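These are the residues of each chain, in order.
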Amino acid sequence: MKLQQLSLFLENRPGQLREPCETLAAAGIDLLTMSLADTSQFGILRFIVRDPARAKQILEEAGMVVRMTEVVPVEVDNQPGGLARVLAAIEDAGLGVEYMYDFGAASRGDKAAIVFRFENPDAALAALNAAGIRVPAMEELLAK
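The following paragraphs examine the structure supplied in this document. Predicted, not measured: the structure shown is a model, and the values here were computed from it. (Residues numbered from 1 in each chain as written. Predicted model: local features only at pLDDT ≥ 70, side-chain atom pairs only at ≥ 80, totals over all residues. Heavy atoms only, no water.)

From N to C terminus, the protein chain includes five helices and six strands. The order of α-helices and β-strands along the protein chain, N terminus first, is β-α-β-β-α-β-α-β-β-α-α. The C-alpha atoms of the protein chain give 16 Å as radius of gyration, which agrees with the globular expectation for 144 residues (15 Å, within 12%). Over its C-alpha atoms, taken along the principal directions, the protein chain stretches across nearly 45 × 35 × 25 Å. Taken over 144 residues, the protein chain has a buried fraction of 41%. For the protein chain, the proportion of contacts with a sequence separation of at least 24, taken over those separated by at least 6, is 71%. (Helix = DSSP H or I, 4+ residues; strand = E, 2+ residues; numbered from the N terminus. Rg over C-alpha atoms; globule rule 2.2 N^0.38 Å. Buried < 20%, exposed > 50% of the residue type's maximum accessible area, 1.4 Å probe, protein only. Contact = heavy atoms within 4.5 Å.)

Across all of its chains, the model carries nine salt bridges by this definition. Across the salt bridge formed by aspartate 122 and lysine 2, the nearest N and O atoms sit 2.7 Å from each other. Separated by 120 residues along the polypeptide, aspartate 122 in helix H4 (residues 121–130) and lysine 2 in the segment before strand E1 (3–11) bring together distant segments of the chain. Overall, lysine 2 belongs to the partly exposed group, its relative accessible area being 27%. We note a salt bridge from glutamate 11 to arginine 13, for which the minimum N-O separation is 3.1 Å. A residue is classified by how much of its surface remains accessible, and glutamate 11, at 47% relative accessible area, is partly exposed. Assessed through its relative accessible area of 45%, arginine 13 is described here as partly exposed. Overlapping salt bridges bring together Lys2, Glu70 and Asp122 as one network. (Salt bridge = Lys/Arg side-chain N within 4 Å of Asp/Glu carboxyl O.)

Looking now at the sheet that holds strand E6 (residues 111–118). The strand order across the open sheet formed by six strands is E2-E3-E1-E4-E6-E5, and the pairing between neighbours is antiparallel. A strand with exactly one partner marks an edge of an open sheet, and here the two such strands are strand E2 (33–38) and strand E5 (97–102). The average undirected angle you get between the axes of adjacent strands in this sheet is 35°. Those strands touched by helix H2 (residues 52–61) are E1, strand E3 (42–48) and strand E4 (66–77), and its axis lies near 140° from that of E4. (Pairing = 2+ DSSP bridges. Axes fitted to C-alpha atoms, helices over the stretch in contact; angles between N-to-C directions.)

The next point concerns the pairing of E6. Burial within E6 is extensive, with seven of its eight residues counted as buried. Note that E5 and E6 share five bridges and pair antiparallel. Bridging across to E6, valine 97 finds its partner in phenylalanine 118.

Between helix H1 (residues 18–26) and H2, whose axes approach to 10 Å, the crossing angle comes to 120°. Classified by the interaxial angle, the pair formed by H1 and H2 is oblique. Crossing handedness for the pair H1 and H2: right-handed. Facing Pro20, Thr23 and Leu24 of H1, the residues of H2 in contact are Ala55, Ile58 and Leu59. Taken together, the residues of the contact of H1 with H2 break down into five nonpolar, one polar and no charged. (Parallel < 35°, antiparallel > 145°, perpendicular 65-115°, else oblique. Left-handed = near helix turned anticlockwise from the far one by under 90°. Nonpolar A, V, L, I, M, F, W, Y, C, P; charged D, E, K, R; others polar.)

Worth remembering: the numbers are spatial, not functional.
Structure follows, in structure tokens:
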């Protein structure tokens, strides 16, 4: 299953993270997982919420530029070699990983959840399926 991820470009200066977080909080939207990458001039805030279309609309109405992309959550064995197994399946299919980050709220015991951005998410899903690697649905990721 693919998830919709929202991305915001932010100036790399103090206080830039606060506005989108406060805007989403005021609308009752909880950030489920996020990643922040930066350069000397700007940062990219990537995050997943339950209702990405609504979050995008709210942020755009607040004057922010938001991009929506497809990402793939992958269940990884939480043990040495677990991530390597997933990466091998992707590499064996001739695919690459653009970036990845932890979906910490969904990691439990012997399983971790990692969010991957692939150039071709459908091909990645097929490769993961062929290798017997689980791709959980959003409901599974959020189950307590």
